[in-house]
Amino acid sequence: MAGLENENVHTISTKIQITRENPPPQRTQYDSTRVQPVDIELQSHIDFEPVDNQISCDSLDVEEMSATKQQQSKLGGADKEKKPKKGPRPPPPPGLKDDLTTIAHVSVVIFVGLIIYLCFARPFEFFTWHPLLMSIGWMLMMIEGVLFISKENPVGRRLNLGRLLKVRYHWIALTISSILVTIGFIIVVINKNNKGKEHFKSLHAIFGLIGLLGCIPALINGTVALFDVELKRYIKPALNTAIHVASGSVVVIFGGLSLILSVYTNWFKKNSDNNKYLFLIGLITSIYILGWVVQRPIRKTLRKFFKFENI
């Protein structure tokens with residue numbers, strides 16, 4: 001027992017000596033101004049805040065945001081009311097003019113079909129190419145090309161084509177028309193020379209010549225109109241359009257008059273055997289087509305230059 005007590009005393013004295021030689025590290029003194037103590041009650045309050053309060057705060061934020069958006073929309077609406085933007089005019093609703101344009105389409109088909117029938121009613125001759133090409137070129141391609149860009153055309157309304165595409169189709173149709181009409185004119189000149197007859201002795205021939213000459217500026221202006229963006233430095237688009245409309249109106253009017261007078265020619269009488277019904281069909285359809293096609297540019301001219309608002 002005495003030996004154990006001596007060993008314990010020796011162990012305790014050794015620990016005390018080690019502790020004195022290696023003292024424990026002193027505790028760091030924290031500055032209360034730099035590190036603030038954490039409030040346990042506040043932390044528990046933040047961590048365990050009721051859900052109802054959060055929902056109420058979120059709803060308030062949403063209401064504030066919606067109110068701000070409403071104010072902005074009101075301000076935006078006020079600005080729009082002050083400065084309204086001018087957009088493209090909507091197409092007019094279908095009405096009587098659309099029906100009259102449809103009648104014009106049907107009249108074109110009837111007239112061209114009548115001329116084609118008369119071309120093959122008798123043996124086909126060299127001169128027969130003249131009425132055949134003129135009816136297809138002038139009546140079918142040209143009239144339909146003009147009607148295609150009209151706002152009163154139900155076909156264009158159903159296809160819902162843009163302005164640029166309408167202009168391109170218009171240009172293609174009138175280019176083909178001019179080629180066919182020119183060939184038909186050359187044929188009648190050659191036929192007259194072969195038979196030794198004089199040229200341009202009838203109103204039918206004179207009006208046809210004026211209409212053919214009018215195709216030249218109409219084609220030039222129409223081609224320029226396709227590139228109005230690139231060529232607007234050299235010629236104003238409005239001026240080019242005015243020249244195109246004027247020359248095109250000359251072509252349609254005098255070409256249409258020549259077609260009306262074609263039902264009085266000897267060729268029509270001979271190939272129709274003086275059939276009065278065929279004569280009336282050709283006369284009525286050609287007059288209606290010409291009148292309906294030229295009425296729109298005439299009305300626009302009267303409104304623009306003579307201030308007639310009710311036409």
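Residues numbered from 1 in each chain as written. Predicted model: local features only at pLDDT ≥ 70, side-chain atom pairs only at ≥ 80, totals over all residues. Heavy atoms only, no water.

Going by the annotation in an unreviewed UniProt entry, the name recorded for the chain is ascorbate ferrireductase (transmembrane), with Diabrotica balteata given as the source organism. A UniProt comment under Subcellular location (unreviewed entry) is attached to the chain, and it reads "Membrane". The Cofactor (unreviewed entry) comment attached to the chain in UniProt states, word for word, "heme b". (UniProt positions renumbered as here; feature names shortened; annotations may be inferred.)

Caption draft 1: Helix 10 (residues 237-262), seen in detail. Counted at 1.5 Å a residue, the expected span for helix 10 with its 26 residues is 38 Å, and the 37 Å between its end C-alpha atoms agrees. Among the residues making up helix 10, those that are buried are N240, H244, S247, S249, V251, V252, G255, G256, S258, L259, I260 and S262. (Helix = DSSP H or I, 4+ residues; strand = E, 2+ residues; numbered from the N terminus. Expected span 1.5 Å × (residues − 1). Buried < 20%, exposed > 50% of the residue type's maximum accessible area, 1.4 Å probe, protein only.)

Caption draft 2: Spatial organisation of the packing of helix 4 (residues 96-119) against helix 5 (residues 129-148). Orientation of helix 4 relative to helix 5, taken along the N-to-C sense of each, is 170°, at an axis distance of 9 Å. As summarised for this structure, helix 4 and helix 5 are arranged roughly antiparallel, according to the angle between their axes. Counting all contacts with helix 4, which are made through T101, A104, H105, V108, F111, V112, I115, I116 and C119, the residues of helix 5 involved are P131, L132, S135, I136, M139, L140, I143, E144 and L147. Split by residue class, the contact of helix 4 with helix 5 holds 14 nonpolar, three polar and one charged. (Axes fitted to C-alpha atoms, helices over the stretch in contact; angles between N-to-C directions. Parallel < 35°, antiparallel > 145°, perpendicular 65-115°, else oblique. Contact = heavy atoms within 4.5 Å. Nonpolar A, V, L, I, M, F, W, Y, C, P; charged D, E, K, R; others polar.)

Caption draft 3: Just the nonpolar core, in detail. Core analysis: the largest hydrophobic core is formed by 32 residues, its most contacted members being W138, M139, I143, V252 and F268. Sorting the residues of this core by element identifies helix 4, helix 5, helix 8 (203-226), helix 10, helix 11 (266-272) and helix 12 (276-305) as the ones contributing at least two each. Of all the elements, helix 4 adds the most residues to this core, at eight residues. Other than its neighbours up to four places away in sequence, F268 contacts L114, I115, L118, S262, V263, L278 and F279. (Core = buried A, V, L, I, M, F, W, Y, C linked by side-chain atoms within 4.5 Å.)

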